[in-house]
Amino acid sequence: MQGRWRRVVRTPLGLTATVLVVAVVALAVLAPVLWGSGADDVDTDAILAQPSAEHWAGTDNLGRDILLRVLVASRLSILLALLAIVIAVVAGLLLGSAPFVLGRRFGRLVAAGVNTAVAFPGLLLALFFAVVFGVGATGAVLAIGLAGAPGFARLTQTLVAGVAARDYVAAARTMGIGRFRILVRHVLPNIGEPLVVNATIGAGNALLSFAGLSFLGLGVQSPSYDWGRLLYDGIGTIYVNAAAALAPGAAVLLAGLAFNLFGESVAKGLGVPVGIGMRAVMATRAGSPSGPEPTGHDEEAEDRPSDVVLDVRDLEVTVAGPSGPVRPVRGVSFDVRRGEAVGIVGESGSGKSLTALAVTRLLADHARVDAARLEFLGNDLLAPDTPVRRRMLGTTLAMVFQDPMTAFNPTRRIGAQLAEVATHHQGMGRREALARAVDRLASVRIPDADARVRQYPHEFSGGMRQRAMIGMGLMGTPALIVADEPTTALDVTVQQQVLDLLAAIRAADDVALVLISHDVTVVGEVCDRTLVMYAGRIVEDLPAAALATGARHPYTRALVDAVPDMTTDLAKPLATIPGRPVDPADVPSGCAYADRCPLADDRCRAEDPPLAAEPGGSPRHRVACWHAGEPLPARPALDELVESP
Amino acid sequence: MAMTLTAPARPWAHPWVRFGVRRLRRLLVSLWILVTASFAMIHLIPGDPVRGALGTTAPADLVEARRHALGLDDPILVQYFHYLKGLVTGDLGSSLASQLPVSGVVAQRLPATLSLAVLAFLASVALAIPLGVVTGVLTRRGHGRRTELAFTTTSIIIATIPDFLIGVALVYVFGIELGWLPVAGDDTAASYVLPVFSLAIGPAAILARIVRVEMVGVLEADFVRTARAKRLPARTIYVGHALPNAVTAALTVGGLLLSALVAGTVLVENVFAWPGLGSTIVRSILTKDYPVVQAIVLVYGVGVLITNLVVDVALALLDPRSKIRED
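As the structure is a computational prediction, the values presented were derived from the model and not from experiment. (Residues numbered from 1 in each chain as written. Chains lettered and ligands numbered in written order. Predicted model: local features only at pLDDT ≥ 70, side-chain atom pairs only at ≥ 80, totals over all residues.)

## Remarks on the overall build of chain B
Along the backbone of chain B there are 14 helices and zero strands. Considered along the principal axes of its C-alpha atoms, chain B spans approximately 80 × 75 × 30 Å. Evaluated residue by residue, chain B yields a buried proportion of 43% over its 327 residues. The contacts of chain B with a sequence gap of at least 6 include a subset with a gap of at least 24, amounting to 72%. (Helix = DSSP H or I, 4+ residues; strand = E, 2+ residues; numbered from the N terminus. Buried ≥ 20, exposed ≤ 12 C-beta atoms within 10 Å, placed from the backbone. Contact = placed C-beta atoms within 7 Å.)

## Regarding the overall build of chain A
On a plain count of helices and strands, chain A comes out with 25 helices and 13 strands. For chain A, with 645 residues in total, the buried portion stands at 46%. The contacts in chain A between residues at least 6 apart in sequence include a share of 67% that link residues at least 24 apart.

## With respect to the nonpolar core
Membership of the largest hydrophobic core comes to 274 residues, with the highest contact counts inside it found for Leu207 and Leu480 of chain A together with Val211 of chain B. In terms of residue count, helix H3 (residues 66–102) of chain A provides more of this core than any other element does, 20 residues in total. Not counting residues within four places of it along the chain, the set of residues in contact with Leu207 of chain A comprises Ser77, Ile78, Ala81, Val252, Ala255, Gly256 and Phe259 of chain A. (Core = buried A, V, L, I, M, F, W, Y, C linked by C-beta atoms within 7 Å.)

## Overview of the interface of chain A and chain B
When the parts of a complex come together, some accessible area is lost, and that lost area is often used as the size of the interface. Counting residues at the interface gives 55 residues for chain A and 58 residues for chain B. Where the side of chain A that touches chain B is concerned, the elements lending two or more residues are helix H5 (122–133), helix H8 (179–215), helix H10 (243–270), helix H14 (387–396), helix H15 (404–407) and helix H16 (414–425) of chain A. Here the side of chain A that touches chain B gets eight residues from one element, more than from any other, and that element is H10 of chain A. Here the side of chain A that touches chain B is composed, by residue class, of 36 nonpolar, 14 polar and five charged. (Nonpolar A, V, L, I, M, F, W, Y, C, P; charged D, E, K, R; others polar.)

## Notes on helix H3 (residues 15–44) of chain B
Three- or four-residue spacings in an α-helix give side chains the same orientation, since the helix completes a turn every 3.6 residues. Spanning 30 residues, H3 of chain B covers 42 Å between terminal C-alpha atoms, matching the ideal 44 Å at 1.5 Å per step. Listing the buried residues of H3 of chain B in full gives Ser30, Leu34, Ala37, Ser38 and Ile42 of chain B. Looking at the buried side of H3 of chain B, the elements it contacts are helix H4 (104–118) and H5 of chain A together with helix H4 (49–54) and helix H14 (290–318) of chain B. (Expected span 1.5 Å × (residues − 1).)

## What to know about the pairing of strand E10 (residues 529–534) of chain A
Residues and elements named next belong to chain A. Across the six residues that make up E10, a large majority, six, are buried. Both faces of E10 are covered, namely the face carrying Arg529, Leu531 and Met533 and the face carrying Thr530, Val532 and Tyr534. Alignment of strand E3 (residues 341–345) against E10, held across four bridges, turns out to be parallel. Its bridge partner lying in E10, Val345 is registered against Val532. Where E10 and strand E11 (residues 537–543) come together, six bridges link them in antiparallel fashion. Among the inter-strand pairings, Val532 is bridged to a residue of E11, identified as Glu540. (Pairing = 2+ DSSP bridges.)

## So, the confidence of the model for chain A
Residues and elements named next belong to chain A. Of all residues in chain A, 90% attain a pLDDT of 70 or more, and the chain-wide mean is 81. By mean pLDDT, helix H11 (residues 278–281) is the weakest element of chain A at 25, and E3 is the strongest at 93. Counted against residues more than four places away or in other chains, residues 637–645, with its pLDDT under 50, gives three contacts. (pLDDT = per-residue confidence, 0-100.)

## Let's talk about the pairing of strand E8 (residues 480–484) of chain A
Consecutive side chains of a regular strand alternate in pointing toward one face of the sheet and then the other. Residues and elements named next belong to chain A. Of all five residues making up E8, five are buried, and the element is well covered by its neighbours. Here E8 shows no split at all, with Leu480, Val482 and Asp484 on one side and Ile481 and Ala483 on the other all buried. Sheet analysis places E8 next to strand E9 (residues 512–517), joined by five bridges and oriented parallel. Directly across from Asp484, in E9, lies its bridge partner Ile516. Once you follow E8 into helix H20 (residues 492–509) and on to E9, the crossover reads as right-handed. (Right-handed = clockwise from strand over helix to strand, strands pointing away.)

## Focus on the sheet that holds strand E7 (residues 397–400) of chain A
Neighbouring strands of a sheet are bound in pairs by backbone hydrogen bonds; such pairs are parallel or else antiparallel. Residue and element names in this part refer to chain A. If you trace the eight strands from one edge of the open sheet to the other, you get E7-E8-E9-E3-E10-E11-E13-E12, paired in mixed fashion. Edge positions in the open sheet fall to E7 and strand E12 (612–613), since each of these has one partner strand only. Along the sheet, helix H13 (residues 352–359) contacts E3, E8, E9 and E10; its crossing angle with E9, the most-contacted strand, is approximately 145°. (Axes fitted to C-alpha atoms, helices over the stretch in contact; angles between N-to-C directions.)

## A closer look at the environment of Arg18 of chain B
Mapped onto the elements of the fold, Arg18 of chain B is located in helix H3. Linking Arg18 of chain B and Val137 of chain B, residues 119 residues apart in sequence, is a C-alpha distance of 37 Å.

## Considering helix H6 (residues 137–164) of chain A
All names here are of chain A. The end-to-end C-alpha distance of H6 is 38 Å, a good match for the 40 Å that 28 residues give at a rise of 1.5 Å each. Along its length, H6 reaches its greatest deviation from straightness, about 30°, at Ala149, and the proline Pro150 lies no more than four positions downstream. Among the 28 residues of H6, 20 are classified as buried, and the element is accordingly described as predominantly covered. (Bend = angle between axes of the 7 residues up to and from the residue.)

## Here we look at the environment of Met464 of chain A
Residue and element names in this part refer to chain A. Inspection of the secondary structure puts Met464 in helix H19 (residues 462–473). Residue Met464 is classed as buried on the basis of its 23 C-beta neighbours within 10 Å. As for Met464 and Gly616, which are separated by 152 residues in sequence, their C-alpha atoms are 47 Å apart.

## Topic: the packing of H19 of chain A against H20 of chain A
Each pair of packed helices can be described by the angle between their axes along with the distance between the axes. Residues and elements named next belong to chain A. One way to put it is that H19 packs onto H20 with a least axis distance of 10 Å and a crossing angle of 15°. As far as their axial angle goes, H20 and H19 are roughly parallel. Helix-helix and strand crossings are classified by hand; for H19 and H20 the assignment is right-handed. For the pair formed by H19 and H20, the contact residues are Gly462, Gly463, Gln466, Arg467 and Ile470 on the first element and Val494, Gln497, Val498, Leu501 and Leu502 on the second. Looking at side-chain class alone, the contact of H19 with H20 contains five nonpolar, four polar and one charged residues. (Parallel < 35°, antiparallel > 145°, perpendicular 65-115°, else oblique. Left-handed = near helix turned anticlockwise from the far one by under 90°.)

See below:
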């Protein structure tokens, strides 16, 4: 408890507010004792005097010292505000807990009344009650108190509803304890804290509202005076002595702010601490490349085939973690040729999606992307962004994201979202662009495309949205489609449609495809080549046709074995890969897979194997393993696995 | 009725129709509560309101005559019926002080208040949205921690200052010290500046805060990544894609601010001697001219209800999903 309160005064704002509240309360207690008579001293020689050494804020129309009057007025101002807030809280508690005590029918009536009253601004309610209770301090206290009641009633309703759902309240109910007793014994003690915090904030508002009513002449009446009343008198003489209006104004503002900010700080301090971690220490620099310099166009450039669409060398992604930088992608190199379909597979956390976002330069700019080379259609993507490059990428590089439900802007029509690619990058007019959008939607087999363009995303089904997303990529003339888990969020039956569509587009227009998936079968079905990622690196790069039988890396083989097929004995537990994926913040030295690998030896734990073609093997089949292709030991039976240390 | 129950009547299924029906029902209930409250006001006042208005020295027969003229002798339900009938026909009674019809007083005073409130709302939105968008972009994930802290603290403090105190400060600085702008009346266009800003600054601070928080959240959304994947220019992404989604939440709170702004005119009008409803209602409360008070409370209340309705419709237009949402 103490620690929580200490948190309140630890922030500069909280400390300031606490000191202010203490000072204001002390002033309210002491000022009338110290200066009470001085504030009433009439000095006929100095009527409406300007500020001077004798009267720091000047005098009023009876020659009384304004500063002393402002100080003395603190007691009445704060007392009235506190009275009002007590009325507001008590009335709010009664109204707000009524639905709980009175049962459904009558409770709903009260709740409906409260909801209507909350819609009206407090000042309007206060004016209403001020008329009913009459002009004067008593009327104003009642008016401001009752005007604040609906807000507290709403708060109480919410809090009570939250507590009433808990187990111990349900238990008390089943024991037949009366509703009122439950309210007093179980519910109220649990909502006390937020109520008190809100009452503190409310006290600040009551103070300011009270000043408002007195300022209108509806609150405290002469000869009594509070800050609002002094302001009311002061504004009449503002041309003679501005301090007469400014001093009480400043006082009420300071006191109101003090209560308000104190309440806010307490609320923040007592609440759940705001999440730090990744966010707080996230690197603030923009994602400009600063890693290894491109190695230049020397010997490598010669043997680079000209039909390469995407060329990635030594790609690294770095984000700031709670304890230093974390590198979830640690040196990835691959290329994608024209019309080729490349699949990237791996468990979640293997860095496959980050790789996709990094090569397309869509990674949020708190993550840093470094690479020896990152080229798309011969353009260096590590260079700063330009309008020309945006146009090039906008028309030739298409993205399909995992969740079609959130990937479209919910506030804009589907047609407009497709058409803007054409208006921004292809210089088309609105109508022409929309016509192309209709055409593209039809090409991804969306029925009634000319009607559908006028609909919003929420009117599309998930599969249809994913096809529309692909259609959006086809607004230009893509050379590459990067699809990041495009079927994961879809029904099984719809998955196949989307995969067939991607395959058809690739075949028809010679478009290259990078398909990211955790599903080996999906990749094997659609792709020519498969990149297997583990702990931020590519561990095997092999033809998709070789996946089932020709995989050399133990991890790839485990992934393939984990897929159930028609011959799987369903009586046995499904195969899994023992152990856990590597935490990117704590990558072991040597081969990252060693801890889970049945073939691992001391070399594996010391030296990280490079990704390379095996001597005598196909140059298009690369593997990063010291024991590539060695026979795996027979899988231990489950009980052995449990017993082994 | 049976028709709609048995047959799945197509027009009723349309979201806009269902939204309209639901919203209209809520408006009517609120309106009824408001009218009843304003009727009840005069009856809740302890003692005899006419005696109170005319003073203790007024002759008894005058009080009697006035009571009779106001219909206060009739049974309460008859009075209620007369009151409702009067409202429908535009008859709001007559002022106890001037004997003039209240509807005339309202009609004469309303335009000044209305123009003040509308201008203040427009000013607060015009200040808040660019400010919120820019700070949102500057403080998006991983950026501008200091900017965020400074902006949040400043806006909390500004939002706490009541509009009439801002008004007093503005009068002092721009009216008295600098002498740039008029501080009373509504005679020239320049007279609008100070009252409008007194009203607009507080709501603008709150709105800008909400827009910023929403922007920061929306910039993380998947569809913003989609927009970036389309390689749209930054301005199009922020204004065209992120802003409409950020503004919907801001509008919900903005509606509350707007209705508070309607009520805030009462205080600000009194700072600037603005010839609107606000200065009239205060004078009428002080002179116990209850028919005028009743009518103006009703006008403010209706203003609040209309404001909330406009906000809900605007929300439904901006965010097509919101009209499906039950409330």
